[in-house]
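Each chain, letter by letter, is given below.
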2 protein chains.
Amino acid sequence: MADSTLPHRPKPEQAPEAAAAATEDGAAAPSKNALKKAAKEKAKAEKAAARAAQEQAQKAIQAVDTAVGLYGKLPDTEDIVPTVHFSQLGEEHYEKEVTVIARVDNTRSQSAKLGFLMLRQQGKKLQTVIAAPPEGPVSRQMIKWTTSLNINSIVQVTGIAKKPAVPIASAHLSELELQIKKIYMIAESMETIPMQVKDAERPPPLGDIVEGEPQVDGEGVPIVSLKTRLDNRVIDLQTETNQAITWISSGVAQLFTEYMLKSGSRWIFTSKLNGSSTEGGSEVFEVKYFKRNAYLAQSPQLHKQICIAGDMGSVFEVGPVFRAEESNTHRHLTEFTGLDFEKTFEHHYHEVLEFAEEMLVFILTQLQERYQKEIAVIQKSYPKAGDFKLPKNGKALRLNYMDGVALLKEAGVDTSEQERFENDFTTAMEKQLGQIIREKYDTDFYVLDKFPMAVRPFYTKADPKDPTFSNSYDFFMRGEEIMSGAQRINEAKELEESMSAKGLDPTAEGFQDYLNAFRQGCPPHAGGGLGLNRIVMFFLGLPNIRLATLFPRDPQRLKP
Amino acid sequence: MADSTLPHRPKPEQAPEAAAAATEDGAAAPSKNALKKAAKEKAKAEKAAARAAQEQAQKAIQAVDTAVGLYGKLPDTEDIVPTVHFSQLGEEHYEKEVTVIARVDNTRSQSAKLGFLMLRQQGKKLQTVIAAPPEGPVSRQMIKWTTSLNINSIVQVTGIAKKPAVPIASAHLSELELQIKKIYMIAESMETIPMQVKDAERPPPLGDIVEGEPQVDGEGVPIVSLKTRLDNRVIDLQTETNQAITWISSGVAQLFTEYMLKSGSRWIFTSKLNGSSTEGGSEVFEVKYFKRNAYLAQSPQLHKQICIAGDMGSVFEVGPVFRAEESNTHRHLTEFTGLDFEKTFEHHYHEVLEFAEEMLVFILTQLQERYQKEIAVIQKSYPKAGDFKLPKNGKALRLNYMDGVALLKEAGVDTSEQERFENDFTTAMEKQLGQIIREKYDTDFYVLDKFPMAVRPFYTKADPKDPTFSNSYDFFMRGEEIMSGAQRINEAKELEESMSAKGLDPTAEGFQDYLNAFRQGCPPHAGGGLGLNRIVMFFLGLPNIRLATLFPRDPQRLKP
């Protein structure tokens, strides 16, 4: 019935009956030649009739459909068919029957007897072929059904693995294709999907953060905006690139946890709903908590420190951190995943700083080792930043803050505000310093130690030898901050003095709660807070933190 | 100067000079005997004078203090003294000098020359002795300073490890004590602390959830209320019991993560701030989000499912879950740590159910293996529940919901509401069922499968063979629920029908966001959500979930 919709089908020849009728209507008596011609045409007509009969018979056979039960709805059977993951398929499967479950990436109907179906599984593609040999059982109906599948539907396909004559360039599995024997629907997609996975595979337009509209590139191919991609995250996550990015993100959490547990640290879970805002900032979300207000934790700072005062020695947390900042930049979110740690030390806060440096070197080195394939995939879409450069000797490069100032000054940057301790580096200065350090020391990861006390929070310990500076440090990747940390003041009296020096009122309720944690003896300690999403972003050189976040939240976005 | 304050010092003898003067003032001439006596007394007086002079000299020496620099403020030196953790101390240290950093648990002054100092490190105690031999250098001043230390202060102690004559029953390290050579202040505690660690070591009064006041036990010893303990969490965490509980809590998260990663699952981090409440419940916290409202996630349900629709295959999360329920029970919190997972399956949701059963058996078995010591410590305070009974064959016991109904009915419980599918089990029924199952099957961990559709949320998949029931399951420990899970409906149309059947409006904005996730083809999947705090609570048999939570949050508590 639908054959006419197929491309490249030859038009039916003129009906032989029409030619025969023309002679009967003619006036002139037939010549010998004409008779001969008529006999010839009769034979031809008979032949055509026979052929038509044969075609009709074949059509009747086809109407019966030799492939019933081999396609369509999944049969309701208790027999379990073992399936193979794309990543497991190899030459050992040639000429063997295998079953896979995957999405329809694309379909193409070559003829009524031949179709192609590209399958996709976690971003990787495998080509399948469906052909109807005269002897069946694959039928034209089955081919039609297969090549008419809605893009993105999930199907179960059983077929014979074959080595293709030439490698299939458009598939990830270029050396293996499947000849379809059975195909069943697992989950059908809507007829129209809001965007194509292949378009989402390409990076969003530069500078497109939130409000970008669909654009086309130089060749007229649509570039899907970041907004459209995030709005349609289900499709967006199916891209090969996002499959890889979400693995890297998982890997950062795994490696952080691995390192912390191996060091004897305890995994903690601190409350995100708190009765007061402990860090004195205004950038805190307010929550309706029964008949009063609660506040979402901006960091687990106080709770980590209570654990230290409570003799837990070394603790870490992996959890959400909330910032009510109305920043619409490439690297700010209102909610992100914090990797926090806090640890006692015995003699010097550099014990903790070294511990943290080793942790970062461990995470970054192991990412490069364990996720080579994923990094290669991501670099196809985001090649600009290049490989992340780790320090060659396996040790973090540590400079003092003032060394950073000197390097910038040397490069002609106006650092007068920094020299007067009025301001921390601007983002632009940090990026430039990252460039300078990369050129000079050949590393994308480094640490600045000894920040001026004036630019750090009240709970930071001043350097006992020069209280203009503090025992505090920031970690940088590609010139952007991924961690801030410090030795903390561990005595209530010193804390009160530091609050007052910063113009804060120690008698405020939130501060009293904080101070109480230090009145019963708290050992010296230091720690820090890392942003998981920033590590992913800068390690991979992604242009926007939203690309490194599963469900990003910013002042405009609370969905999906 | 302070000698007079020391106990047991003999009163000074009458001065010998007074006796000699009496003779000079006398009228009678001395007899031979009297002269002899006088000579004797003179000699005695001279002896006494010599002794007094000697004592004065000694006092002068003592005033100099032979121990200066050996106690008090930590010397400002670059020399690093390696320290030993209590857990590392053993017989190999006998007669050797070791340095430890620990809290003052208790002090006792035996005499001016002898004192005792009990040290505490992460809940474990070590006895130290300080004695002043005549030859120094430990002085009476040093002993006085040591035995006057504020309880809970943190000190650094250097001493010689000795085998005590008899084992020290009151210390955890009963076979080793330290003879103090040096002692320095690391962090001083306030003179009065709000409660004693030793009192917090004892379980809070039964039934005391939030509002309990301090009580005394049968012997007049104070029982600190749970409220006081939680208000003073810094001290409370220092108990041996809490040190162990926080390790078990860390262990549950570690084992869950270990199992999930080993199975090839991806670690995800989903947003807690969302634009709408997806599960249709009213028990959701509202957040002021710039110029509009956001809602705190009651579970990562929708986001886990978006990941599945996004081809991530198997995902898990460890993170906070928020419930705006005004429940003041022993097992409800407004914020707890969720261990969530979601996973595709190929043939039957029991693939995922088996996966989850194996996960729980793995976690519980490994807890018993890796945390024997911690469990033993906790059982000293909470012995009632006894060891957690795991299924002997290493496989979870799985019953159908209706089997549970039958067991209860058999035991004489009125299950008519459950038989009519009007209600799920009550908490009391669950506990009783736990008892029955423990007696019958000798296990504290079991699974109920196939709950009636009527008592499960709209996104639960009905059993295709009998839609009265559903492909859903709960996990129980000691008769209390620790996990709820199910196969989820994976098609938008079926979801809409299920919403309508439950009296929900599929066109509501929150539901449309949810439905959109299933319009582009979503594979069949199932999952579940575990409560970390409940696993800790029921594994250890703690009477209150607040005892299994680092910083518990309930309708009354938002601190510390």
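As the structure is a prediction and not an experimental result, all values here were calculated from the model.

### With respect to the domain arrangement of chain A
Next up, step 1: According to the domain assignment, chain A contains domain 1 (71–187) and domain 2 (242–548).
Next up, step 2: Taking the mean C-alpha position of each, domain 1 of chain A and domain 2 of chain A sit 49 Å from one another.

### Observations regarding the packing of aromatic side chains
Next up, step 1: Evaluation of the coordinates by the stated rule reveals 47 aromatic pairs over all chains.
Next up, step 2: When the ring of Y259 of chain A is compared with that of F355 of chain A, the centres are 5.2 Å apart and the planes differ by 55°; the resulting orientation is tilted. Of this pair, Y259 of chain A sits in helix α7 (residues 240–262) while F355 of chain A sits in helix α9 (residues 350–370); the two residues are 96 residues apart in sequence, bridging distant segments of the chain. Exposure class is identical for Y259 of chain A and F355 of chain A. Each is buried.
Next up, step 3: Look at F445 of chain A and F475 of chain A: their rings are 5.7 Å apart centre to centre, the planes differ by 65°, and that puts the pair in the edge-to-face class. Separated by 30 residues along the polypeptide, F445 of chain A in strand β16 (residues 445–449) and F475 of chain A in strand β17 (residues 472–477) bring together distant segments of the chain.
Next up, step 4: On the basis of relative accessibility, which here comes to 0%, the residue F445 of chain A falls in the buried class.
Next up, step 5: Within the aromatic cluster, the residues linked to one another by ring pairs are F256, W267, F269 and F316 of chain A together with F256, W267, F269 and F316 of chain B.
Next up, step 6: K343 of chain A extends its terminal NZ or CZ atom over the ring of F355 of chain A, reaching a point 4.5 Å from the ring centre.

### Brief notes about the relation of the copies chain B and chain A
Next up, step 1: Taken as rigid bodies, chain B and chain A are interconverted by a rotation of 180° and an axial shift of 0.0 Å, the fit giving an RMSD of 0.8 Å. Accordingly, the operation relating the two chain copies is best matched by a two-fold axis. Using C-alpha coordinates, one finds that chain B approaches the rotation axis most closely at V287 of chain B, a distance of 2.4 Å.
Next up, step 2: Both copies share a contact surface, since 100% of the interface residues of chain B are interface residues in chain A too.

### Describing the sheet that holds strand β12 (residues 292–296) of chain A
Next up, step 1: With antiparallel pairing, six strands are arranged side by side in an open sheet as β10(A)-β12(A)-β11(A)-β11(B)-β12(B)-β10(B). Edge positions in the sheet fall to β10 (273–274) of chain A together with β10 (273–274) of chain B, since each has one partner strand and no second.
Next up, step 2: Bridge count between strand β11 (residues 286–289) of chain B and strand β12 (residues 292–296) of chain B: four bridges; the pairing is antiparallel. Across the sheet, Y289 of chain B pairs through a bridge with R292 of chain B, a residue of β12 of chain B.

### Here's the deal with helix α10 (residues 372–381) of chain B
Residues and elements named next belong to chain B.
Next up, step 1: Of the residues making up α10, those classed as buried are E374, I375, V377, I378 and S381. Looking straight down α10, one finds its buried side chains confined to an arc of 160°; they lie on one side. Summarising the geometry of α10, the exposed residues directed more than 90 degrees from the buried face are Q372, K373 and K380.

### Describing the side chain of Q418 of chain B
Next up, step 1: Examined against the element boundaries, Q418 of chain B turns out to sit in helix α12 (residues 416–419).
Next up, step 2: The residues touching Q418 of chain B, leaving out its near neighbours within four places in the chain, are Y401, V405, N423, D424, F425 and M429 of chain B.

### Re the sheet that holds strand β13 (residues 314–322) of chain B
All names here are of chain B.
Next up, step 1: Pairing within the open sheet is mixed, and its eight strands lie in the order β9-β13-β14-β19-β18-β17-β16-β15. Each edge of the open sheet is held by one strand with a lone partner, namely β9 (266–267) and β15 (397–400).
Next up, step 2: Pairing between β15 and strand β16 (residues 445–449): four bridges, direction parallel. Bridging from a neighbouring strand, R398 pairs with V447 of β16.
Next up, step 3: Along the sheet face, helix α9 (residues 350–370) touches β14 (335–344), β15, β16, β17 (472–477), β18 (480–488) and β19 (525–531) and points at about 165° away from the line of β16.

### Some remarks on the state of the cysteines
Linking two cysteines covalently via their sulfur atoms produces the bond known as a disulfide.
Next up, step 1: Scanning the entire structure with this criterion turns up zero disulfides over all chains.
Next up, step 2: Not engaged in a disulfide, the cysteine C307 of chain A finds its nearest cysteine sulfur in C522 of chain A; these two sulfurs lie 11 Å apart.

### Description of the packing of helix α14 (residues 492–501) of chain A against helix α15 (residues 509–516) of chain A
Residues and elements named next belong to chain A.
Next up, step 1: Interaxial distance between α14 and α15 falls to 9 Å at its minimum, and their mutual angle equals 150°. In terms of orientation, α14 lies roughly antiparallel with respect to α15. Seen along the crossing, α14 lies across α15 with a hand that is right-handed. In contact with A492, L495, E496 and M499 of α14, α15 contributes F511, Y514 and L515.
Next up, step 2: In the contact of α14 with α15, the residues fall into six nonpolar, no polar and one charged.

### Describing the pattern of salt bridges
Next up, step 1: Applying the stated rule across the entire model yields 68 salt bridges over all chains.
Next up, step 2: Of the charged contacts in the structure, one is a salt bridge between D231 of chain A and R557 of chain A, with a shortest N-O distance of 3.0 Å. With a gap of 326 residues between them, D231 of chain A in helix α5 (residues 226–231) and R557 of chain A in the segment after α16 (532–540) connect regions that are remote in the sequence.
Next up, step 3: Here D231 of chain A falls in the partly exposed class, since its relative accessible area comes to 39%.
Next up, step 4: For R557 of chain A, a relative accessible area of 8% gives the class buried.
Next up, step 5: Across the salt bridge formed by R398 of chain A and E354 of chain A, the nearest N and O atoms sit 3.9 Å from each other. Residue R398 of chain A is found in strand β15 (residues 397–400), and its partner E354 of chain A is found in helix α9; the two are separated by 44 residues along the sequence.
Next up, step 6: A single network of salt bridges, built from pairs that share partners, joins R103, D105, R120 and K125 of chain A together with D311 of chain B.

### Thoughts on the UniProt feature "domain: Aminoacyl-transfer RNA synthetases class-II family profile" (unreviewed entry) in chain A
Next up, step 1: UniProt tags residues 315–560 of chain A as "domain: Aminoacyl-transfer RNA synthetases class-II family profile" (unreviewed entry).
Next up, step 2: Regarding residues 315–560 of chain A, the helix share stands at 35% and the strand share at 20%, and the terminal C-alpha atoms are separated by 33 Å.

### A short note on the interface of chain B and chain A
Next up, step 1: Facing 94 residues of chain B, the contacting portion of chain A comprises 94 residues.
Next up, step 2: Both faces considered, chain B and chain A share a buried interface measuring about 8,000 Å² in area, 60% of it formed by carbon and sulfur atoms.
Next up, step 3: Summed over the shared surface of chain B and chain A, the number is four salt bridges.
Next up, step 4: Salt-bridge contacts for D311 of chain A lead to R120 of chain B; the nearest nitrogen and oxygen are separated by 3.9 Å.
Next up, step 5: At the boundary of chain B with chain A, the tally comes to 52 residue pairs in polar contact (both at pLDDT 80 or more).
Next up, step 6: With nine residues, helix α7 (residues 240–262) of chain B is the largest single contributor of residues to the side of chain B that touches chain A.

### Focus on the side chain of E335 of chain B
Next up, step 1: Mapped onto the secondary structure, E335 of chain B falls in strand β14.
Next up, step 2: This buried residue, E335 of chain B, is left without a salt bridge; R553 of chain B holds the nearest opposite charge, at 5.0 Å.
Next up, step 3: From its side chain, E335 of chain B meets the backbone nitrogen of K272 of chain A in a polar contact 2.6 Å long.
Next up, step 4: Not counting residues within four places of it along the chain, the set of residues in contact with E335 of chain B comprises T270, S271, K272 and L273 of chain A together with P320, V321, F322 and R553 of chain B.

### As for the packing of α7 of chain A against α9 of chain A
Residues and elements named next belong to chain A.
Next up, step 1: Here α7 crosses α9 at 135°, and the two axes come no closer than 9 Å. Compared by their axis directions, α7 and α9 come out oblique. With respect to the hand of their crossing, α7 and α9 are arranged in right-handed fashion. Here α7 contributes I248, G251, V252, Q254, L255, F256, E258, Y259, M260 and K262 to the contact with α9, which in turn contributes F355, E358, M359, F362, I363, Q366, L367 and R370.
Next up, step 2: Grouping the constituent residues of the contact of α7 with α9 by class yields 11 nonpolar, three polar and four charged.

### Some remarks on the environment of M118 of chain A
All names here are of chain A.
Next up, step 1: Structurally, M118 can be placed in strand β3 (residues 114–121).
Next up, step 2: Classification of M118 by relative accessible area gives buried; the value is 10%.
Next up, step 3: Separated by 259 residues in sequence, M118 and V377 have C-alpha atoms that sit 19 Å apart.
Next up, step 4: Residues in contact with M118, not counting those within four places in the same chain, are R103, V104, D105, N106, K125, L126, Q127, S170 and A171.

### Digging into the pairing of strand β3 (residues 114–121) of chain B
Residues and elements named next belong to chain B.
Next up, step 1: Of all eight residues that make up β3, seven are buried, and the element is covered over most of its length.
Next up, step 2: Pairing of strand β2 (residues 97–111) with β3, which is carried by seven bridges, proceeds in the antiparallel orientation. The partner of T107 across the bridge, within β3, is L117.
Next up, step 3: Taken together, β2 and the strand that follows it, β3, pair antiparallel across an intervening segment of two residues.
Next up, step 4: The sheet contact formed by β3 and strand β4 (residues 124–131) spans eight bridges and is antiparallel. Looking at β4, one finds that L117 is bridged to T128.
Next up, step 5: The turn linking β3 back onto β4 is made up of two residues, and Q122 within it adopts a positive phi angle of 45°.

### Some thoughts on the nonpolar core
Next up, step 1: Formed by 122 residues in total, the largest nonpolar core has its most connected members in L364, F445 and F475 of chain A together with L364, F445 and F475 of chain B.
Next up, step 2: For F475 of chain A, the residues in contact, after removing those within four places along its chain, are L353, A356, E357, L360, F445, Y446, V447, E480, E481, I482 and M483 of chain A.

### Some points on the environment of H93 of chain B
Next up, step 1: Here H93 of chain B shows up in the loop between β1 (71–73) and β2.
Next up, step 2: For the pair H93 of chain B and I193 of chain B, spaced 100 residues apart in sequence, the C-alpha to C-alpha distance is 34 Å.

About the thresholds
As a convention, each chain's residues are numbered from 1 in the sequence order in which they are written. To label them, take the chains in the order written and letter them from A, then take the ligands in the order written and number them from 1. This being a predicted model, a pLDDT of at least 70 is required before a residue's local features are given, and a value of 80 or more before pairs of side-chain atoms are given or counted; all residues contribute to the totals for chains, interfaces and linings. Side-chain metrics rest on all non-hydrogen atoms present in the structure, leaving aside hydrogens and water. Marked domain ranges trace back to an automatic or database domain assignment. Think of it this way: a Phe, Tyr or Trp ring, Trp meaning its six-membered ring, pairs with another when their centres are within 6.5 Å, and the plane angle makes it stacked under 30 degrees, edge-to-face over 60, tilted otherwise. Secondary structure elements are defined from DSSP: runs of H or I of at least 4 residues count as helices, runs of E of at least 2 residues count as strands, and each element is numbered from the N terminus. With a 1.4 Å probe rolled over the protein chains alone, any residue whose accessible area is under 20% of its type maximum counts as buried; one over 50% counts as exposed, and the rest are partly exposed. Ring-over charges, as used throughout, are those where CZ of Arg or NZ of Lys falls within 6 Å of the ring centre and within 35 degrees of the ring normal. When the copies are overlaid, the least-squares fit takes in C-alpha atoms only where the residue has pLDDT of at least 70 in both copies. Two residues qualify as a contact provided that any one of their heavy atoms is within 4.5 Å of a heavy atom in the partner residue. Any two strands between which DSSP finds at least two bridges are classified as paired. The arc in question is formed by the directions pointing from the helix axis toward the C-beta atoms. Every axis in this analysis is a line fitted to C-alpha atoms, fitted for helices over the stretch in contact. Angles between the N-to-C directions lie between 0 and 180 degrees. Count a disulfide wherever a pair of cysteine sulfur atoms falls within 2.5 Å. Any angle between 65 and 115 degrees counts as roughly perpendicular, while under 35 counts as roughly parallel, over 145 as roughly antiparallel, and the rest as oblique. By definition, turning the near helix anticlockwise from the far helix through less than a right angle yields a left-handed crossing, and turning it clockwise yields a right-handed one. Under this grouping Gly is polar, as are all residues other than the nonpolar Ala, Val, Leu, Ile, Met, Phe, Trp, Tyr, Cys and Pro and the charged Asp, Glu, Lys and Arg. A side-chain nitrogen of Lys or Arg and a carboxyl oxygen of Asp or Glu constitute a salt bridge if their distance falls within 4 Å. UniProt positions are given in the numbering used here, feature names are shortened, and annotations may be inferred rather than shown by experiment. Buried area, as used here, totals the accessible surface that two parts lose on assembly, with accessibility defined by a 1.4 Å probe and the loss added over both. For this analysis, a polar contact is any N or O atom pair within 3.5 Å, provided that within protein one partner can donate a hydrogen and the other can accept it, and provided that sequence-adjacent residues contribute only side-chain to side-chain pairs. Asp and Glu count as negative and Lys and Arg as positive, but His and the ends of the chain are not part of the count. The nonpolar core is taken to be a set of buried Ala, Val, Leu, Ile, Met, Phe, Trp, Tyr and Cys residues, with the residues joined through side-chain atoms within 4.5 Å.

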